[in-house]
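Coordinate inspection notes
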Amino acid sequence: MAKLDAPAAPRRLMQGNEAIVEGALAAGMRFYAGYPITPSTEIAELSAERLPQVGGRFIQMEDEIASMAAVVGGSLTGVKAMTATSGPGFSLKMENLGYAIHGEIPCVVVNVQRMGPSTGLPTSPAQGDMMQARYGSHGDYGVIALCPSSVDEAYRLAIRAFNLSEAYRTPVILLTDEIIGHMREAVSLPDPSTLDIIDRSRPTEPPGVHKSYRPDAKGVPCQPNFGDGYRFHVTGLIHAEDGFATSNPKVVDSAVRRLSSKLTANLDDIYQAEIHDTADADIVVFAYGGTARAARRAVKMARKNGMRVGLYRPITIWPFHDEMVRWAIEGKQAVIVPELNLGQMAREVERVAHGTTRVIPVTKVNGEILTPQEILAAIEGVC
Amino acid sequence: MALANKVNVKRYLRREKLPHIWCPGCGHGIVLSALVRAIATVGLDQNKTVIVSGIGCSSRASGYMDFDTIHTTHGRALAFATGIKMANPELNVIVLTGDGDAAAIGGNHLIHAARRNIGITCICLNNNIYGMTSGQYSPTTPECALATTAPYGNIDPSFDLCKLVTAAGASYVARGTAMQARLLEKLMVKALQNDGFSFVEAVDQCPTYFGRKNKQGDAYNMMKLQQERSVPVSKAKSMELPDLAGKLVVGEIHSAPRQEYTKAYDTVLLKAHREG
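One structure accompanies this document, and this report is about it. Residue indices follow the written sequence of each chain, beginning from 1 at its first position. Each chain is given a letter, starting from A, and each ligand a number, starting from 1, according to the order in which they appear as written. The model is predicted, so local features are restricted to residues of pLDDT at least 70 and side-chain atom pairs to those at 80 or more, both for listing and for counting; the totals for chains, interfaces and linings are taken over all residues.

**Details of the overall build of chain A**
Operational definition: Secondary structure elements are taken from DSSP: a helix is a run of H or I of four residues or more, a strand is a run of E of two residues or more, and numbering for both begins at the N terminus. Throughout, the radius of gyration refers to the C-alpha atoms, and the reference size of a globule is 2.2 Å times the residue count to the power 0.38. Residues with at least 20 neighbouring C-beta atoms inside 10 Å of their own are called buried, those with 12 or fewer are called exposed, and the rest are partly exposed, where every C-beta is derived from the backbone. The contact criterion used is a C-beta to C-beta distance within 7 Å, with each C-beta placed from the backbone.
Counting its regular elements, chain A contains 13 helices and 16 strands. Against the compact-globule benchmark of 21 Å for 383 residues, chain A has a radius of gyration of 21 Å, which places it among compact chains. Expressed along its principal axes, the backbone C-alpha trace of chain A runs to roughly 70 × 50 × 50 Å. The buried share of chain A, reckoned over its 383 residues, is 53%. Once local pairs closer than 6 in sequence are excluded, the contacts in chain A between residues at least 24 apart make up 76%.

**What to know about the overall build of chain B**
The secondary structure content of chain B amounts to eleven helices and eight strands. Principal-axis analysis of the C-alpha atoms places the extent of chain B at approximately 65 × 45 × 35 Å. Taken across its 276 residues, chain B has 53% of its residues classed as buried. The contacts of chain B with a sequence gap of at least 6 include a subset with a gap of at least 24, amounting to 68%.

**Topic: the pairing of strand E4 (residues 80-85) of chain A**
Residues and elements named next belong to chain A. Where we set the bar: Handedness of a crossover is defined as follows: with both strands directed away from the viewer, a clockwise route from the first strand across the helix to the second makes it right-handed.
Burial of E4 is extensive: six of the six residues sit out of reach of the surface. Burial along E4 is two-sided: the residues Lys80, Met82 and Ala84 and Ala81, Thr83 and Thr85 are all buried. Each parallel crossover has a hand, and for E4 linked through helix H4 (residues 87-103) to strand E5 (residues 107-115) it is right-handed.

**A few points about the packing of helix H3 (residues 77-87) of chain B against helix H5 (residues 107-116) of chain B**
All names here are of chain B. Formally: Where helices are involved, their axes are fitted lines through C-alpha atoms of the stretch in contact, as for all axes, and angles between N-to-C directions lie from 0 to 180°. Just so you know the grouping, Ala, Val, Leu, Ile, Met, Phe, Trp, Tyr, Cys and Pro go in nonpolar, Asp, Glu, Lys and Arg go in charged, and all remaining residues, Gly too, go in polar.
Interaxial distance between H3 and H5 falls to 8 Å at its minimum, and their mutual angle equals 35°. For the pair H3 and H5, contact is made by Leu78, Ala79 and Thr82 and by His109, Leu110 and Ala113, respectively. Each residue belonging to the contact of H3 with H5 can be placed in one class, and the counts come to four nonpolar, two polar and no charged.

**Overview of the sheet that holds strand E5 (residues 172-177) of chain B**
Within a beta sheet, neighbouring strands are joined by backbone hydrogen bonds and run either parallel or antiparallel to one another. We count it as follows: Pairing between strands is defined by DSSP: at least two bridges between them are needed.
The nine strands are arranged E10(A)-E2(B)-E1(B)-E3(B)-E4(B)-E6(B)-E5(B)-E8(B)-E7(B) in an open sheet whose pairing can be described as mixed. Here the strands that pair on one side only, and so sit at the sheet edges, are strand E10 (233-235) of chain A together with strand E7 (230-232) of chain B. Direction aside, the axes of adjacent strands within the sheet are offset by 20° on average. By the bridge criterion, three bridges tie E7(B) to strand E8 (residues 248-255) of chain B in an arrangement that is parallel.

**A short note on the interface of chain A and chain B**
The figure often quoted for interface size is the accessible area lost as the parts come together. Counting residues at the interface gives 36 residues for chain A and 33 residues for chain B. Looking at the side of chain A that touches chain B, its residues break down into 20 nonpolar, eleven polar and five charged. In terms of strand pairing, E10(A) meets strand E2 (residues 68-71) of chain B through three bridges, oriented parallel. Bridged to His233(A) within E2(B) is Thr69(B).

**Let's talk about the environment of Lys163(B)**
Along the polypeptide, Lys163(B) turns up in helix H6 (residues 161-168). Spatially, the C-alpha atoms of Lys163(B) and Ala174(B) are 10.0 Å apart, while their sequence positions differ by eleven residues.

**Quick notes on H5(B)**
Helical geometry: 3.6 residues make up each α-helical turn, so side chains three or four residues apart lie on a common side. Within H5(B), burial applies to His109(B), Leu110(B), His112(B), Ala113(B), Ala114(B) and Arg116(B). Positive backbone phi, approximately 55°, marks Asn117(B), located one or two places after H5(B).

**Description of the nonpolar core**
The condition is simple: Nonpolar cores are identified as sets of buried Ala, Val, Leu, Ile, Met, Phe, Trp, Tyr and Cys residues joined via C-beta atoms within 7 Å.
Among the nonpolar cores identified, the biggest contains 182 residues, and Leu174(A), Val285(A), Ile375(A), Val95(B), Ile123(B) and Met188(B) are the most heavily contacted of them. Considering each element in turn, this core owes the most residues, eleven residues, to helix H6 (residues 151-168) of chain A. In terms of nonpolar packing, the next biggest core, distinct from the first, is built from eight residues, Ile129(B), Tyr137(B), Ala147(B) and Phe210(B) among them.

**Quick look at the sheet that holds strand E12 (residues 283-286) of chain A**
Residues and elements named next belong to chain A. If you walk across this open sheet you meet the five strands as E11-E13-E12-E15-E16, and the pairing is mixed. Strands with a single pairing partner mark the edges of an open sheet, and in this sheet they are strand E11 (273-276) and strand E16 (358-363). Ignoring which end each strand starts from, the neighbouring axes of this sheet average 20° apart. Alignment of E12 against strand E15 (residues 334-339), held across three bridges, turns out to be parallel. Its bridge partner being in E15, Val284 is matched across the sheet by Val335. Along the sheet face, helix H10 (residues 291-304) touches E12, strand E13 (309-314) and E15 and points at about 165° away from the line of E13.

**With respect to helix H11 (residues 322-329) of chain A**
All names here are of chain A. Stated precisely, the cut-off is as follows: Arc definition: it is the arc formed by the directions from the helix axis to the C-beta atoms.
Taken together, the buried positions of H11 are Val325, Ala328 and Ile329. What you see down the axis of H11 is that its buried residues fit within an arc of 85°, all on one side. Elements that come into contact with the buried residues of H11 comprise E11, E12, E13, E15 and helix H12 (344-353). After H11 finishes, the residue Gly331 shows a positive phi value of roughly 75°.

As structure tokens, then:
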């Protein structure tokens, strides 16, 4: 219960995309480069309006590729930077998203998922870019992606996306969908002074001594900003700790592995999930993003009907927490995975279940959202 | 214009990264030297200057230069540079790119950077060929020239990059050649001094792929050809169009200062502050 003398956090009716902009600003975003695409455009429009009000800068670039590139460039000057897009634009961003991952340059990329493939069904909701978020750019690397399932959470995850990005020096994908992006809900706006804001670390060693790609104990390097006097080098070529290209097999091997291990080694800090009613459950519903709303309702309805059903809602979708998911589904009769694609995350759950728990995908790709009744029907099908 | 006579070029280079990867006779070293001298003449702060390059032979130059440097993705150097300049307008931003990098895969970024007149100096090292991938035709390969992907002769008309960026809105446009290194240096000085988008096309030679394939001889012959083809801007003005075919108009092609992009954004900041 809230203390009577404490003023309640102000609540504001906001659209999901609007909440992302406000969250990003609260996290310290001061640069945005983007390109118009529905259903993410409001993020660009609001950034154009709000950023100069707080001394930040906005630019509408000539294409999606350029906006991703500009965000990486902007971030290298030490400014927190973001871009937003949807499926077709997300495909185009993959080139420089891979560059940012490999160059270990913090930034936030919002993907408000719409129905694909290709131009698809503009602009119906979908969750078809789950695997693209994980594997869309070439080569091996790790990635952080977060899935909000309410407007309030979109606000909070925008802040968290920046924090994780700064802490681990990697782009963070805010992998939302049209349901959340265009929905309006009340958001509790915390007092900015109460927010935990993480800023990227700065070198303590002088220029000439500091190595911009030498990892710390967590596996994360510390880079200066352009203009700091360190005169360092950034490249998309595989590089050694000094930032310069190398083909030394030993150095290459550890450089590539670290792009994944710096995230998996810190999984407990990066990972978040909402888990409830799973302890006594026979069935677990594994759902994320906009679809988790219908799943939560379906679980409630099933419980009311006397069925023992729980919900596992990953908030951090990548990296996937094998151990945690295994713990939640072990010994259960079935795991139901409703999603607006043809079973992209169901395959991950199946991989973890490894044949010990039945995994039932509930898929929908007709441009409409999954209803609680459809998920409930799948639950009833097991019982 | 007084050019610095005794420039300690070494001061601006990461000497431990040398020797460079460029072939014997390649013109890129001459262009790089001219740029470094121009930077010295203008007196740019080494700690406040960012060198941005794309992908290709010429784009390897960033690694040899002792500044904040970024070797980006193919064609995207100007887009990265735009982000750097926008996020911190106090930085001097110089882009090094090649003909394939700037005019083919990066063509869209080139015209839009010019249109915005953003404060970036773009040096395009134009050797009329994709060198790093071993000799495919580029948007500046002359018609009828041979390339590994044009074994029967190139049918693509070639771009006049200076005309392209002038039309797109660049406020300073110039062309020089590796043969006339001092002229190139002078043009680069003016480009660096211009507050807006400056474009310098540095025509140079690729003896390994373009020269060999097109029987132009060694670097010496190719550079002699650059000299023979060169026509100063002042002389070109009185020449008829057919007489200019195959010629390289060198010198200051276009200079029309206008408001620089990040300074225009300062007006946005002011308005937002007043109204917000």
